[in-house]
Structures are given as C-alpha cells and as structure tokens.
Amino acid sequence: RIKILCRRKQACELERMALLSAQRCALKGRVTAFKPCAPVISGCSRKALAVRAASDDAFAAYKPTVAALFPGQGAQSVGMAKDLVAEVPAAKELFDKASEILGYDLLKLCVEGPKDKLDSTAISQPAIYVASLAAVEKLRATEGQAAIDAIDVAAGLSLGEYTALAFAGAMSFEDGLRLVKLRGESMQAAADAQPSSMVSVIGLDSGKVAELCKAATAQVGEDKPVKIANFLCTGNYAVSGSKEGCDAVEKLGKSFGARMTVRLAVAGAFHTEYMSPAVEKLRAALAATTLVTPRIPVVSNVDAQPHSDPAAIKDILSRQVTSPVLWENTIKTLQEKGLTKSYEIGPGKVIAGIVKRMDKGANIVNITA
C-alpha cells in the first residue's frame, strides 16, 4: 500500500513536470554527436504513467518501413570489430571514447579476448553496445547518410534496447555506455548472489513451453520457479529461473515434445525476479541521466510498443531486467505494420535468423561489427 501511494504521488509530480520533457531532439549527425536537450525526471510504474496526459503517445500511430535492429548479450565473439575499426575511422573513435569512460581497453578485449572475460556480463554488454554503434558508422560510410535517415524505427534485443535508444537520440553515446556498464555489473552481481540459469527450448510453441515451465516448477518447488524470459520466435524460447528448475526443464523437455533443450552460457536468470537486486541501482542511475524523446520510435522489450515520454522510457528500462523480452511480438508487429526492410547492426547474425524464421521473404541486411 505504501508503494502504491508513493507511485501515485510520483504520477502527480510527473503530470506537473511532463511539459519539461516534451522537447524533442532531432538527430541526423554522427552517433558521437548525440546531444541531450531536455531535463527529465524519474519514471514510476506503467500503471501510473497511464493516467498522465498523452505525452507518451507521439508514436502511437507509427508506420515503420525501414528498421534498425540491435543485438543483445551473446552476440559477442573474440575478434569482433577488428576489421571494422581498421576500415572506419569513426568506429575507432567510438572505441577510444569508450575506453576512456570504462577505464580499460575495450577494443583490445573485443579483438584479443580472452573469451571468458569478454563473455562475462559486465564486459560483454558494453562491448556489444559500442560495437553496434560502431557498426552504425560502417553503415554510414558504406551507404551514406541517406541510409541512416531512411531508418524510421528501431528496436534492440534486451541490451540492444539501450543501443537503439542511443541510435535514436534519446540518450548520448556516453550516457548510454555508463548505463550499460552499470546494468552489466549489477546483473552480474545479482547472478552471483543467487545461483540461477537459462535454457533455450527448441521446437515448441509458447503455450507448450509455459506448460513445461509449470511442470518443472511443480517438480522442484514453487520457491525455485522457472518461466519464459525471451519470446524470440515460434519454436525458440529461452526460459529462466533456478538451476534446479532449469535442470527439470532439460529432463522434461522431450516428454513435452521439445526437439532439444540447450543450457545457455549466461551468468544467471536474466529477465526474471532473480535480477531484482539490479533494479534499484539501475533506477537510480536512470533518474540521474538525461533522456529525451527519441527522433524515431524505439520499440520496448517490455510491452512491444514505442514510447515517446522520457519518464516512461526510464521506467520501462528499469523494469526490463526482470520482465520477459517480447521480441517475437515486436518483429510480428513491425511486419504487420508494413516493414519493408531491416538492418541488423552489430556483432553476430542472431536477429537475422529470427526474422527470417518468422518471414522467409524478409529483407534484412547485416551490418556486422
């Protein structure tokens, strides 16, 4: 009850302050030129935000044609960005700036590893964020500014949502990197504090996977739950939760008709309540960070909708680490709204594979890091 009263109080304050955050930033220059231009305040719950004026509805009727799609954790590999920085000076500049902010040589870790260090949550998240925005410079260099300007919607898988927001001018490159650094460190700490895991379930629809998770939870106990964390595409869902629950998912998978289950090499149960310890630090950092209305719609992982109010975006980002990723819904909605072309921008080709699985005729171009 106390939390609800506090949130209502925040909502009232948000109504009073909403006009202060209505200013937009047009961004047509380099990624490194992103400049925040309006003060913002911290968000509250989505329910509270719903009672505010229509400051979050600017993109309600968006009609996408060309999308920029950014990868999430797991896309990293030793050697990434090596050719990119050699060929595109602006990409090298981003890595140099990132190393100054992070306090270590990020490019060296990307190019040389070691793999176990690059794969750690605290390192891989900044690495993918920077490599992806460096790949934007590759797109600019190879296809021209017109290709950047033609992109009218953006989305990112989990971590990639921060990259998408930076690309869309909602936050500066530097602020985005600081947030991603904190996000990675906080998620790693949460994973270290309580053992947990993730398993990819292949060959079932989401309903069957939900039934599998329910059966696995019943087997190990309600205090060790497991649930769908990443809705990637039909036949490919990642479940997340206790190690015992993930063990049970692997054992029960075949009996539910799964083609296979694959234990994921991640630190812990991302996008579940196991990441709750990371939320408060992230919320505080977001409150202290300037966000503005994106220049183009950026589709949220939490509700598969674009948001225009900076306070709403902050609230959603703080909840994203404990909420399922609705990537399947995001891609399906974009396709149904008339999307004609996509760029997967960053390391790996996971997103292209998902998009092609949902629509074999989809026009998606990889701009690799």
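Conventions and cut-offs
- Each chain carries its own residue numbering, running from 1 in the written order of its sequence.
- Only residues with pLDDT of at least 70 are given local features in this predicted model, and only at 80 or more are side-chain atom pairs given and counted; all residues enter the totals for whole chains, interfaces and linings.
- Each side-chain value is derived from all of the structure's non-hydrogen atoms; neither hydrogens nor water enter the calculation.
- When DSSP locates at least two bridges between a pair of strands, those strands are taken to pair.
- Every helix listed is a DSSP run of H or I at least four residues long, and every strand listed is a run of E at least two residues long, numbered separately from the N terminus.
- Simply put, an axis is a line fit to the C-alpha atoms, just over the touching stretch for a helix, and the angle between two N-to-C directions goes from 0 to 180 degrees.
- Contacts between residues were defined by any pair of non-hydrogen atoms, one from each residue, lying within 4.5 Å.
- With strands facing away from the observer, any crossover in which the path from the first strand over the helix to the second runs clockwise is taken as right-handed.
- Aromatic rings from Phe, Tyr and Trp, taking only the six-membered ring of Trp, are treated as a pair when their centres fall within 6.5 Å; an angle between ring planes under 30 degrees marks them as stacked, one over 60 as edge-to-face, and anything in between as tilted.
- To sort residues, take the accessible area from a 1.4 Å probe on protein chains only and compare it with the maximum for the residue type: under 20% means buried, over 50% means exposed, and anything in between is partly exposed.
- In our convention, an over-ring charge means Lys NZ or Arg CZ found within 6 Å of a ring centre and within 35 degrees of that ring's normal.

### Things to note about the sheet that holds strand β6 (residues 260-263)
Taking strand neighbours across the sheet as the criterion, the 4 strands line up as β4-β5-β3-β6 in an open arrangement whose pairing is antiparallel. The open sheet terminates on both sides in strands that have one partner only, identified here as β4 (226-233) and β6. Between one strand and the next, the sheet's axes are offset by a mean angle of 25°, whatever the strand orientation. Contacting β3 (196-202), β4, β5 (236-242) and β6, helix α12 (residues 243-252) crosses the sheet at an angle of about 20° to β3. Set on the sheet, helix α16 (residues 350-358) makes contact with β4 and β5; between it and β4 the angle comes to about 75°.

### Observations regarding the pairing of strand β9 (residues 364-367)
Judged from the 4 bridges that link them, strand β8 (residues 341-345) and β9 form a sheet pairing that is parallel. Directly across from tyrosine 343, in β9, lies its bridge partner valine 365. Crossover handedness for the path β8 to α16 to β9: right-handed.

### Focus on the sheet that holds strand β2 (residues 153-156)
On the basis of which strands lie adjacent, the open sheet formed by 5 strands has the order β7-β2-β1-β8-β9 and parallel pairing. The sheet is open, and its two borders are formed by β7 (298-299) and β9, each paired with just one other strand. Pairing geometry for β2 and β7, over 2 bridges, is parallel. Residue alanine 155 lies in a different strand from β7, and its bridge partner there is valine 299. Here helix α9 (residues 160-167) sits on the sheet in contact with β1 (66-70), β2 and β7, set at roughly 155° to β2. Here α16 sits on the sheet in contact with β1, β8 and β9, set at roughly 175° to β9.

### A look at the packing of aromatic side chains
Tallying each qualifying case throughout the model produces 3 aromatic pairs. Both rings, one in tyrosine 129 and one in phenylalanine 173, keep their centres 5.8 Å apart while their planes meet at 20°; by these two values the pair is stacked. Note that tyrosine 129 is positioned in helix α7 (residues 121-143) and phenylalanine 173 in helix α10 (residues 173-193), a separation of 44 residues in sequence. Here tyrosine 129 and phenylalanine 173 have matching classes, each one buried. Taking the centre distance of 5.8 Å and the plane angle of 75° together, the rings of phenylalanine 231 and tyrosine 237 count as edge-to-face. Each member of the pair, phenylalanine 231 as well as tyrosine 237, is classed as buried. Positioned over the ring face of phenylalanine 167 is arginine 295, at 4.9 Å from the centre of the ring. Geometry around tyrosine 62 places lysine 337 over its ring, the cationic atom sitting 4.8 Å from the centre.

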